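Close look at the chain arrangement
Listed below are the residues making up each chain.
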Amino acid sequence: MELDNHAEDLASDLGVDKEEVKADLQNLVEYSVPIDEAKQSLRRKYGDGSSGGGGAPSSKDIGDITPEDGNVTVTGVVLTAGKRSIRYQGDDLEIVEGRLADETGVIDYTSWEDFGLSPGDTITAGNAGVREWDGEPELNLGESTSLSFEDQSLDVAYEIGGEAQLADLQTGDRAVTVEVTVVDCERRTIDGRDGETEILSGVFGDESGRLPFTNWDPAPAIEDGGTIRIENAFVQEFRGVPEVNVSEFSVVSAIDREIDVGADATTMDVGEAVHTGGIYDVEVNGNVIAVRDGSGLIQRCPECYRVIQKGQCRTHGSVDGVDDLRVKAILDDGTGAVTVVLDDELTQQVYDGTLEDALEQAREAMDQEVVADTIRERIVGREYRVRGHLSVDEYGANLDAEDFEESGDDPEARASAFLTEVDA
Ligand SMILES: [Zn+2]
């Protein structure tokens, strides 16, 4: 419905057929082009005369640019410049994304033309478009932008280059440089936009933590493992957590340096963790207040491995279920709640038995719910420290547990720590 409204706006602005505009928009959005970018592209395609009415745009300090500005002229230092490929109407289009700063602030930009921007360049972009993204202004450099390189370089308070630690990376970050150890890597075949293609996926680690990655154009240095430097990676959300994307434009090189991958996950309140919208490696501490339905002894579809009900898979119909163990427990620490999901191994630990034991218990009771009941008795009302991958969607927050341990915390010590916090 939203797309429909955008299409209608555009069509009336540009005086062209709405269905045509909508089809174009749909196409762009399917290829993950943000809606604002997509609209801007279509304005160019259909020749938008409406925004160029006011003569030359005025010069602005970056700190003063607002999403309401139509077009501006800015002078700033290129902090980062990362090339990325997007698909536009069947063609691969190369864009450059990064950040630009002056003495007053910093702003993200997208360049639709290859101006040859490099980190450290001081540029003046005349007639740069301003668009809103997530409530913040961003710059669009395109055909109608006049770009010049300044001899006099600006002194800015921001670091040039995109050096970052994994723990600081957020969805939407572009042109980042990281030095990491390949913790885990596998080659997979996926159904990509150009048919079957091989990619690498796994986990990177550095002193600050760990993050999953996808390498779209398998780099030998990554596959070989060890310690590597990656320039020009970008961060995208995948299954609810930020993921480092290494593309064909990224520069990957092996480096001769030891990296101690931080063993500690970030510890957070449940509320704080849920508020991040998804975090790869996090530790929370709370009370199990309930064990949800669909826990204990369950059956999965042999085709898609999803949990089935009464021998019925939602996709595959009547199937011969495969027995499995799992727990979905609600963990609450007073600041919020998450559903902690325990896999078969962790479930065996809290059940204190194997799948065979569970099947036997169910046979004897002639009811497989007894397995969930047993687990319920063991863990509800107790306090656990859980480490895992948190994702948040419209159905709530899920924490896929890697570790699930009863807290050894001394309740008295915790109470006094809590009081100190309250006093402060
Ligand atoms: Zn199925």
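Basis of the calculations
Residues numbered from 1 in each chain as written. Predicted model: local features only at pLDDT ≥ 70, side-chain atom pairs only at ≥ 80, totals over all residues. Heavy atoms only, no water. Helix = DSSP H or I, 4+ residues; strand = E, 2+ residues; numbered from the N terminus. Buried < 20%, exposed > 50% of the residue type's maximum accessible area, 1.4 Å probe, protein only. Contact = heavy atoms within 4.5 Å. Expected span 1.5 Å × (residues − 1). Arc of directions from axis to C-beta. Salt bridge = Lys/Arg side-chain N within 4 Å of Asp/Glu carboxyl O. Donors = N, O, S within 2.8 Å, 3.2 Å for Na, K, Ca; no water. Tetrahedral: all angles 85-135°; square planar, octahedral: opposite > 155°, others 65-115°. Axes fitted to C-alpha atoms, helices over the stretch in contact; angles between N-to-C directions. Nonpolar A, V, L, I, M, F, W, Y, C, P; charged D, E, K, R; others polar. Patch = residues over 30% accessible without salt bridge, like charges linked within 9 Å, V, L, I, M, F, W, Y side chains within 5 Å. Areas by Shrake-Rupley, 256 points an atom, 1.4 Å probe, with all protein chains shown as cover. Lys, Arg positive; Asp, Glu negative; His and termini not counted. Charge placed at Lys NZ, Arg CZ, Asp CG, Glu CD. Core = buried A, V, L, I, M, F, W, Y, C linked by side-chain atoms within 4.5 Å. Parallel < 35°, antiparallel > 145°, perpendicular 65-115°, else oblique. Left-handed = near helix turned anticlockwise from the far one by under 90°. Domains from an automatic or database assignment. Phe/Tyr/Trp six-rings, centres within 6.5 Å; stacked < 30°, edge-to-face > 60°. Lys NZ or Arg CZ within 6 Å of the ring centre and 35° of its normal.

The name that an unreviewed UniProt entry assigns to the protein is Replication factor A1, with the source organism given as Natronorubrum texcoconense.

1. Things to note about the overall build of the protein
Looking only at helices and strands, the protein has nine helices and 21 strands in total. Dimensions of the protein along its principal axes, counting C-alpha atoms only, are 85 × 55 × 45 Å. Buried residues in the protein amount to 42% of all 424 residues. For the protein, restricting intrachain contacts to residue pairs at least 6 apart in sequence, the fraction spanning at least 24 positions comes to 61%.

2. Quick word on helix 1 (residues 2-14)
Compared with the 18 Å implied by 1.5 Å per residue over 13 residues, the 18 Å span of helix 1 between its first and last C-alpha is a close match. Within helix 1, the full set of buried residues consists of Leu-3, His-6, Ala-7, Leu-10, Ala-11 and Leu-14. Buried residues of helix 1, viewed axially, fall in a sector of 130°; they line one side. Opposite its buried face, helix 1 presents the exposed residues Glu-2 and Ser-12, each directed more than 90 degrees away.

3. Looking at the pattern of salt bridges
Applying the stated rule across the entire model yields 23 salt bridges. The residue Arg-257 makes a salt bridge to Glu-179 at a minimum N-O spacing of 3.0 Å. Of the two residues, Arg-257 sits in the loop between strand 12 (251-254) and strand 13 (266-267) while Glu-179 sits in strand 7 (residues 176-192), which places them 78 residues apart along the sequence. The salt bridge involving Arg-300 is made with Asp-324; its shortest N-O contact spans 2.6 Å. In this pair, Arg-300 sits in strand 15 (residues 296-300) while Asp-324 sits in strand 18 (residues 322-332), placing the two residues 24 residues apart along the sequence. Neither residue differs from the other here; Arg-300 and Asp-324 are each classed as buried.

4. Quick look at the environment of Leu-390
Among the structural elements, Leu-390 can be located in strand 20 (residues 383-393). For the pair formed by Leu-390 and Val-322, sequence separation is 68 residues and the distance between their alpha carbons is 27 Å.

5. Describing the coordination of the zinc ion
The zinc ion binds to the protein through Cys-301 (SG), Cys-304 (SG), Cys-313 (SG) and His-316 (ND1); the donor distances cover 2.1 to 2.3 Å. Considering all four donor atoms around the zinc ion, angles at the metal cover 106 to 113° and the coordination shape is tetrahedral. Spacing between the donor residues of the zinc ion along the chain follows C-x2-C-x8-C-x2-H. The exposure class assigned to Cys-301 is buried, which follows from its relative accessible area of 0%. A relative accessible area of 25% means that Cys-304 is categorised as partly exposed.

6. Some thoughts on the packing of helix 7 (residues 355-365) against helix 8 (residues 369-379)
Relative to each other, helix 7 and helix 8 sit at 115°, their axes nearing to 8 Å. Facing helix 7, whose interface residues are Ala-358, Gln-361, Ala-362 and Ala-365, helix 8 presents Val-370, Val-371 and Thr-374. For the contact of helix 7 with helix 8, the class distribution of residues is five nonpolar, two polar and no charged.

7. Re a negative patch on the surface
Negative charge collects at one region of the surface, where Asp-352, Glu-356, Asp-357, Glu-360 and Glu-364 lie side by side. Within the element layout of this structure, Asp-352 appears in the loop between helix 6 (344-351) and helix 7. Among the residues examined, Asp-352 registers a relative accessible area of 65% and is labelled exposed.

8. Remarks on the nonpolar core
Counting residues in each nonpolar core, the largest one holds 33 residues, and the members touching the most others are Val-340, Ile-379, Val-386 and Phe-404. If one sorts the elements of this core by residue count, strand 14 (residues 278-291) sits on top with five residues. Formed by 22 residues, the second largest nonpolar core is a distinct cluster that contains Leu-169, Val-178, Val-180 and Leu-211.

9. As for the packing of helix 1 against helix 2 (residues 18-30)
Two numbers describe how helix 1 lies on helix 2: the axes approach to 9 Å, and their chain directions differ by 130°. Relative to helix 2, helix 1 is oriented oblique. Helix 1 and helix 2 meet at a crossing whose hand is right-handed. Contacts between helix 1 and helix 2 involve Leu-3, Asp-4, His-6, Ala-7, Glu-8, Leu-10 and Ala-11 on the former and, on the latter, Lys-18, Val-21, Lys-22, Leu-25, Gln-26 and Val-29. Across the contact of helix 1 with helix 2, the residue classes tally to seven nonpolar, two polar and four charged.

10. A word on unusual backbone geometry
Outside of glycine, negative phi angles account for most residues, and trans bonds account for most peptide bonds. Here the phi dihedral of Asn-127 falls at roughly 55°; this positive angle occurs in a residue that is not glycine. Of the residues examined, Asn-127 reaches a relative accessible area of 25% and is grouped as partly exposed. Not every positive phi belongs to a glycine, and Asp-352 is a case in point at roughly 60°.

11. Overview of the domain arrangement of the protein
Along its sequence, the protein is organised into domain 1 (1-48), domain 2 (62-149), domain 3 (166-254) and domain 4 (266-414). The centre of domain 1, based on its C-alpha atoms, is set 32 Å off from the matching centre of domain 3.

12. Considerations on the packing of aromatic side chains
Within this structure, the stated rule accounts for two aromatic pairs. With a centroid separation of 4.0 Å and 10° between ring planes, the pair formed by Phe-204 and Phe-213 is classed as stacked. One cation-aromatic arrangement involves Arg-84 over Phe-234; the distance from NZ or CZ to the ring centre is 5.0 Å. Residue placement shows Arg-300 over the ring face of Tyr-305; its charged tip is 4.8 Å from the ring centre.

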